[in-house]
Amino acid sequence: MTMKKLHACMRSCLMTAVLLGAHAAASADDAAVKNYPSQPIKLMVPWPAGGGVDTTARIVSELLGHRLGQPFVVDNRAGAGGNIGTELAARQKPDGYNLLMSSISPNAVNISLYSKLGFDPVKDFEPIVYVSAVPNILVVPANSPFKTVKDVIDAARANPGKLNYGSGGIGSSQHLAAVQFAAAAKIDIVHVPYKGTAPAEADLAAGHVSLMLDTTTCLPFIAGGRMRALAVASKMRNPALPDVPTFDEVGLKGVYASSWYGLSAPAGTPRPIIDKLNAEANAVLKSPELHKRMAAFGAEVGGGTPEDFGRFMASETKRYAEIVRISGVKLD
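In this report, the structure presented in the accompanying data block is examined.

The rules behind the values
Residues numbered from 1 in each chain as written. Predicted model: local features only at pLDDT ≥ 70, side-chain atom pairs only at ≥ 80, totals over all residues. Heavy atoms only, no water. Core = buried A, V, L, I, M, F, W, Y, C linked by side-chain atoms within 4.5 Å. Buried < 20%, exposed > 50% of the residue type's maximum accessible area, 1.4 Å probe, protein only. Helix = DSSP H or I, 4+ residues; strand = E, 2+ residues; numbered from the N terminus. Contact = heavy atoms within 4.5 Å. 1 Å grid on protein atoms, 1.4 Å probe; cavity = no way out; pocket = protein on both sides within 12 Å on 5 of 7 lines; lining within 4 Å. Points joined across faces, edges and corners; volume = space filled by probe spheres on them. Nonpolar A, V, L, I, M, F, W, Y, C, P; charged D, E, K, R; others polar.

### As for the nonpolar core
Counting 49 residues, the largest nonpolar core has Leu138, Val149, Phe181, Ile189 and Phe247 as the members making the most contacts within it. Of the residues forming this core, the biggest block, seven residues, is contributed by helix α6 (residues 173–185). Here Val149 is in contact with Leu138, Phe181, Leu230, Ala231, Phe247, Val250 and Leu252, once residues within four sequence places are set aside.

Printed below as a string of structure tokens:
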């Protein structure tokens, strides 16, 4: 055999080996997708245990794990407004065994709020399903003279800069909800940021701040007679507060603020896995057990396709870019 023929034979053998290797790898990938899931699934929650994101994640993952036949392991990685855990989730292997509990701050707000992020909330993730939302609620201390939204607005207009509002921190959902309220009502109210929701709620209940656009963590305070709810920042009344009007109903149009949650996966996760997770999650979201457990903290249950969730996050990102601009806040 001539050297030329030998080289041609070697190239042919090498190409055959490459093709066989690629075929074997593709077959292995197909089998992995077909047999999914075959091991526990990690769900990254970029917030502390016990909060709204964590509570929702644990309810959904418990029920979803039963349907899929594999347990979910919740991994709490809090910090930097959800950025730390979300960035970590973006770097995980896109194999369906690493998921993220997406939420409004890291997946819609923070791209406008922070000067630099270590992840791209659109390019680095595949949306799976919109899970739920809890609306912000305008609350005042139980002994407040304000009985209606109009009372608050009239007092604020008569005394610009005299009323204050609490929040869980600069750029928090409570802060940006209050920015929307103040802009719609054309009032000047002073922001008092706290290091977390709990101390802000405690000071509001004690009467040290005038009002708050709180999440549904305030429901026990309302039920216990320590806070009074005046309006809900959603398009429909909340089942947990059926007698409390929406802002639309009291004449302030477009004040919509909710902390929402959904399931996502690292970019590149196989579409058949995304579709399977979406189908099973939608079945869970329709279950009476989930609705009962979500209703306990005023959550509005979602659902839909991955594309629906992707479009929703895109619209929220655009909407909050303007709200952050109005707030004047920028974080490093």
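On we go.
### Observations concerning the layout of surface pockets
Here the largest pocket is characterised by a volume of approximately 860 Å³. In this structure, the largest pocket is lined by 37 residues; those nearest its centre are Trp47, Gly52, Ser173, Gln174 and Thr197. Elements that contribute at least two residues to the lining of the largest pocket include exactly α2 (52–68), α4 (104–113), α6 and β10 (258–266). A total of four residues in the lining of the largest pocket trace back to one element, the largest contributor, which is α4. When the residues that make up the lining of the largest pocket are grouped by side-chain class, the tally is 15 nonpolar, 21 polar and one charged. Of the pockets and cavities examined, the second largest pocket occupies roughly 410 Å³. In this structure, the second largest pocket is lined by 18 residues; those nearest its centre are Tyr130, Ser234, Lys235, Ser258 and Glu300. Of all the secondary-structure elements, those providing two or more residues to the lining of the second largest pocket are β4 (125–135), β10, β11 (300–301) and α11 (306–327). At three residues, α11 tops the list of elements feeding residues into the lining of the second largest pocket. Taken together, the residues of the lining of the second largest pocket break down into 10 nonpolar, three polar and five charged.

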